[in-house]
Amino acid sequence: MPATEHAAGTQATDEPAVSRRSWAPFIAGLMLAYFGASLALFAPVQNILPRLIESSGGAAHKAVYLGLVTGLGAIAALIFNPVAGYFSDRWVTSDNRSVIVTIGLVTGGASLGLLGLQRSVPGIAICWTLCQASINIAYSSMAASVIDHVPRKDWGFAWGLLAVAQALGIVLGFGAIVLVFPSVTGGMTAVALLYAVSLVPLVVLLARLPRVQLDGPGRPVREGLKALLNGGTGYSAVWVGQFLMELANSIALLYLYYYLQDVIHYPKPGTGQLILVGVAVGATILATVVIGRLADRSAGYRRYAMLAATLLAATGFVLAVVSSWDPVIVCAFALGAGYGAYQSASSALSLTVLPDRASAARDLGIINVASSIPQVIGPSVAALVIITGAGYRGLFAFAGLLALGGAAAFSRVPS
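Below you will find a few notes about this structure. Just so it is clear, the structure is predicted and the values come from calculations on it, not from any experiment.

## Observations regarding the overall build of the protein
Helix and strand counts for the protein come out as 14 helices and 0 strands. In sequence order, the protein lays out its α and β elements as α-α-α-α-α-α-α-α-α-α-α-α-α-α. Taken over 415 residues, the protein has a buried fraction of 54%.

## Observations concerning a nonpolar patch on the surface
A surface patch of nonpolar side chains, about 800 Å² in accessible area, is lined by Leu-68, Leu-72, Ile-75, Ile-79, Phe-80, Val-83, Phe-87, Trp-91, Val-99 and Ile-103. Every element with two or more residues in the nonpolar patch is listed here: α3 (62–95) and α4 (98–115). Top contributing element to the nonpolar patch by residue count: α3, with 8 residues. Note on placement: Leu-68 falls in helix α3.

## Some points on the pattern of salt bridges
On inspection of all chains with the given rule, the structure shows 3 salt bridges. The residue Arg-97 makes a salt bridge to Asp-148 at a minimum N-O spacing of 2.6 Å. Of this pair, Arg-97 sits in the loop between α3 and α4 while Asp-148 is found in helix α5 (residues 121–149), placing the two residues 51 residues apart along the sequence. Of the two residues examined, Arg-97 and Asp-148, each falls in the buried class. Salt-bridge contacts for Arg-293 lead to Asp-154; the nearest nitrogen and oxygen are separated by 3.1 Å.

## Some details on the side chain of Ser-346
Relative to the helices and strands, Ser-346 is located in helix α13 (residues 325–352). Among all residues touching Ser-346, those that are not within four sequence positions of it are Gln-242, Ala-305 and Phe-410.

## Comments concerning the nonpolar core
Ranked by internal contacts, the top residues of the largest apolar core, which has 115 residues, are Leu-30, Tyr-34, Leu-112, Leu-115, Met-142, Tyr-259 and Leu-260. Looking at this core element by element, the count peaks at 17 residues for helix α14 (residues 360–411). Apart from the residues within four sequence positions on either side, Tyr-259 is in contact with Ile-264, Leu-319, Val-322, Val-328, Tyr-392 and Phe-396.

## Topic: unusual backbone geometry
The phi dihedral of Asn-96 falls on the positive side, at around 60°, and the residue is not glycine. Checked against the element boundaries, Asn-96 lands in the loop between α3 and α4. Overall, Asn-96 belongs to the buried group, its relative accessible area being 0%. In this structure, Arg-97 takes a positive phi of about 75° despite not being glycine. Among the residues examined, Arg-97 registers a relative accessible area of 0% and is labelled buried.

## Remarks on the packing of α5 against helix α6 (residues 155–180)
Closest axis-to-axis distance for the α5/α6 pair is 10 Å, and the angle between their directions is 150°. With respect to their mutual orientation, α5 and α6 come out roughly antiparallel. Contacts between α5 and α6 pair Tyr-139, Ala-143, Val-146 and Ile-147 from the former with Trp-155, Trp-159, Leu-162 and Gln-166 from the latter. By residue class, the composition of the contact of α5 with α6 is 7 nonpolar, 1 polar and no charged.

## Here's the deal with the packing of aromatic side chains
Tallied over the full model, the rule gives 8 aromatic pairs. Centre to centre, the rings of Tyr-86 and Phe-87 are 5.2 Å apart; their planes meet at 75°, and the pair counts as edge-to-face. Among the residues examined, Tyr-86 registers a relative accessible area of 27% and is labelled partly exposed. For Phe-87, a relative accessible area of 34% corresponds to the partly exposed category. Lying over the aromatic face of Phe-157, Arg-293 brings its terminal NZ or CZ to 4.4 Å of the ring centre.

So, how was this worked out
- Residues numbered from 1 in each chain as written.
- Predicted model: local features only at pLDDT ≥ 70, side-chain atom pairs only at ≥ 80, totals over all residues.
- Heavy atoms only, no water.
- Helix = DSSP H or I, 4+ residues; strand = E, 2+ residues; numbered from the N terminus.
- Buried < 20%, exposed > 50% of the residue type's maximum accessible area, 1.4 Å probe, protein only.
- Patch = residues over 30% accessible without salt bridge, like charges linked within 9 Å, V, L, I, M, F, W, Y side chains within 5 Å.
- Areas by Shrake-Rupley, 256 points an atom, 1.4 Å probe, with all protein chains shown as cover.
- Salt bridge = Lys/Arg side-chain N within 4 Å of Asp/Glu carboxyl O.
- Contact = heavy atoms within 4.5 Å.
- Core = buried A, V, L, I, M, F, W, Y, C linked by side-chain atoms within 4.5 Å.
- Axes fitted to C-alpha atoms, helices over the stretch in contact; angles between N-to-C directions.
- Parallel < 35°, antiparallel > 145°, perpendicular 65-115°, else oblique.
- Nonpolar A, V, L, I, M, F, W, Y, C, P; charged D, E, K, R; others polar.
- Phe/Tyr/Trp six-rings, centres within 6.5 Å; stacked < 30°, edge-to-face > 60°.
- Lys NZ or Arg CZ within 6 Å of the ring centre and 35° of its normal.

Laid out in structure tokens, this is it:
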């Protein structure tokens, strides 16, 4: 059977093991798990890793060391996410993905705790690489469980709720380690405990839910990679679209502080950054849920992903030409709304193009690589744009072009 027919038949006719009335407790547990994983992945990068590296390696080479450490972590993520997904698919009918999530819970909690005890750059690099590897062991199974236990007609709404949980994890995690647990060791201990506690309910729920029934044993790894390379059901188009969107997002946010300082001339760029993040997160939370539900009702995941990417591109172009604070606030709201809509629509779209449901976790792990690679190359790409003379304005214009490329890629997904 051709890949397109197999994917369509499997996803259109197979209902998840959880009925529509009873999937709410599951999605609540999954939201809590996404909250904890997001907190564990982003809160250390925002605050603790830079402080650890500066105190261990000195101020002279802190930027280089930080880039090296985060790059190694991103490489670990792009390897372990699909590999763990592969084993999750093989074991799903016997353990409902709970074993893989448990492995990620235990190893991730231990790695996060050890990170706070490190006082050398090599030790920090090793522990952060272990953190990224172990947390991503759980991630692919968490994503694939949406296919297992949420009705297809609710995929967009479900991903909108998960995006809200991720946004809250980033914001509340950053606030916790700055305001409540300011010490490095105390902050990482708190992050480790919050991560572990957040994943426990999902492990319990997965173990108790009805077993997932699959049509077959799943395709070999080479079949999934072949679908990525030759297009298949739009799988490669979604991969390229998400890669371009995440690269645009990463390079735009990387130099926001300097943009406010040198282009907008905001008197307190740190305060301005906090205001913009708050506005953007509020818009993200609103857009993820609303657009996710609208996309479900219209079956328009592709259309909304394209519209969201276009909105983000337009916002990047506006930021490249404005010179005052007020338009930047409006752009922050538009960026948040566009990114929230993109998150819910593109995540649901990725579920509809999987070559084979029996290999869902592995193939979602391959798609997640599109989000990991920009973390590795984003800083270098942004620096290259700036040193060529384009400056911070040119950086936002370039991010807008990348987002337009993302919209074009999503347009290639079959309707």
